[in-house]
Amino acid sequence: MSDPVQTLLDQLRLGIQTSGAVRTARNATRRKPEAGHDLRAGHARLRSARNRARAQQAAWRSAWRTCRGAAFRGSARSAADAVLAELAADPVELVRRADAVIYHSSAGKDSVVGLHRAVQAAKRAGCLHKLVVVHADLGPDTEWPGVRELAQRQAERYGLSFLVVAADGGFVGMVEKRRMFPDAKRRLCTSSLKRDELAPIYTRITAALGLDEQALIVSVYGVRGGESAARAKKAPLSIDSRASSGKRLVLTWNIIHHLSAADVWSEISEHGLEYHPIYDTGLDRLSCAYCILAPDAALVLATRVCFALGLPIPGVYVDLERRIGHTFKPSQTLAGVVAAARMLDALDGPLVWSRGDAVRRHLGEDACRRWEQRLACAA
Ligand code: SF4
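Predicted model only: the values in this text are computed from it and were never measured.

Caption draft 1: Focus on the overall build of the protein. Scanning the protein from terminus to terminus reveals 15 helices and 6 strands. Judged by the C-alpha coordinates and their principal axes, the protein covers about 70 × 55 × 35 Å. By residue count, 46% of the 379 residues in the protein fall in the buried class. Sequence separation of at least 24 residues holds for 72% of the intrachain contacts in the protein that already meet a minimum separation of 6. Mean positive and mean negative side-chain charge positions of the protein (55 and 39 charges, respectively) differ by 9 Å.

The following block contains the structure:
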C-alpha cells in the first residue's frame, strides 16, 4: 500500500537535492574566470540542474495529486511547507519517520519543557532510542554556574545520551580574539560558538546511522514564538538547508513554538521539571550571564546576582572591555552596569531569593509546593 507521507517526504528530499545542485551550478558560473575553469561547461551544468528542478516540481505536483486526490494549487515550495506543517502537527509521526532526533538543550526553562515534550512523542512512537541531547557550552565566566551539569541531569532523567560541544576559549576567548563584542546584527556568538561547533555532530550521527539512503534527522529546539518578533516568524518545522546534504535531510523542529511563558511554567510545575535556580532571582532567561541582547535592567539584575553569589563574571567582563577598548553594547558599558548594580545594592541591600520563587511568582504558592513534590518524586 502506498504511504502518502513517505511519498511526499521523498519528494521533499529530491527537492533539496535539485535546488542544492542548482545553487552549486549557479555559483560555479559566477566564479572569476581562471585557468582550467570552463565557463561554457558551467552554464551547461546549470541548464541541466534547472531542468532537473523543473522536472522535480512536476513530480511534486503529481505526488500531491496521487496522495491527496486533488491538484495542488501553489508552488512546489508551498507544497513543501504544507507537508512540513502536517508533520509538525503530528509529533509522534514525525519522530517515527526520523532516523535520528537531536535535541539542542540550553538547560533553560523553554528547553526543559521542549525536551519533556520530545521525550513524550518519542515514547509514544516507541523510538526513545533515536533521541540524543546536545549542549553547547559557552565557557567559564560566561554561563551561570551549573548550566552544563543541569542540561546533563535533564537528559539523564529520561535515560538519554548527552553530548557537549565547546569552542576553544568560549565566549570570552572569541571576544578577545576579535577585539569586539558581537551585537544583534552580527551574532557571532550564536554562529561560531553554537552552530559551527554543532556541525560535526550531524556528520557523526549520519555516519553512525550508516544508511544507503539520505537520512532524515530532526533537530529539535525549545524556541517559542512569543520570545521575540524574529522567533514569531519561524515555522514550527522547516528545512535546515545549511545542515542538510546529499547524505542527510535535516529538519528544524521548534517543538514549543506555540506555547506562552505561562504555559511553560505550568508544564514545569505539572511535570516536576528541574529548572535553573537563576530564574528564582527574577531573571527570566538563563543564557549567558551577560547576553548582548538583554535589556539594561536585566544586565544590572544579573550583576547583582553575581555579587550575591560571589561570581567573578562582572570583573572579567569589565576587564575585557578595558583591554580590547570596545564596549559590551554600543550604548552601554559593563562598567556602567556594574556601577548601577553597586548603587542598588548599597540602597536596597544584597539580593535574596529562595528556591521555587520563579514558580511561586508565576503560578502561586500551591503550584510551587506541587512542583517541589513532583521534582522530589522524579529524582
Ligand atoms: S545568550 Fe546572548 S550573548 Fe550568549 S550566545 Fe546567546 S545571543 Fe550570544
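Caption draft 2: Inspection of the site of the ligand at higher detail. Taken together, L138, F171, R187, C189, K194, S287, C288, C291 and I292 form the complete shell of residues around the ligand. Among the residues forming the shell around the ligand, the class breakdown is 6 nonpolar, 1 polar and 2 charged. Counting the residues that make up the shell around the ligand, at least three belong to each of domain 2 (90–259) and domain 3 (272–378).

Caption draft 3: Representation of the domain arrangement of the protein within the structure. Each assigned domain of the protein is listed here: domain 1 (4–77), domain 2 (90–259) and domain 3 (272–378). Each side of the interface is counted separately: domain 1 has 7 residues, and domain 2 has 8 residues. Approximately 780 Å² of surface area, both sides summed, lies buried where domain 1 meets domain 2, with 63% of it carried by carbon and sulfur atoms. The interface formed by domain 1 and domain 2 holds 0 salt bridges in total. Counting across the interface, domain 1 meets domain 2 through 0 residue pairs in polar contact (both at pLDDT 80 or more). Here the side of domain 1 that touches domain 2 is built from residues that sort into 4 nonpolar, 2 polar and 1 charged.

Parameters at a glance
- Residues numbered from 1 in each chain as written.
- Predicted model: local features only at pLDDT ≥ 70, side-chain atom pairs only at ≥ 80, totals over all residues.
- Heavy atoms only, no water.
- Helix = DSSP H or I, 4+ residues; strand = E, 2+ residues; numbered from the N terminus.
- Buried < 20%, exposed > 50% of the residue type's maximum accessible area, 1.4 Å probe, protein only.
- Contact = heavy atoms within 4.5 Å.
- Lys, Arg positive; Asp, Glu negative; His and termini not counted.
- Charge placed at Lys NZ, Arg CZ, Asp CG, Glu CD.
- Near = heavy atom within 4 Å.
- Nonpolar A, V, L, I, M, F, W, Y, C, P; charged D, E, K, R; others polar.
- Domains from an automatic or database assignment.
- Buried area = accessible area lost by both parts, 1.4 Å probe.
- Salt bridge = Lys/Arg side-chain N within 4 Å of Asp/Glu carboxyl O.
- Polar contact = N/O pair within 3.5 Å; in protein donor to acceptor, adjacent residues only side chain to side chain.

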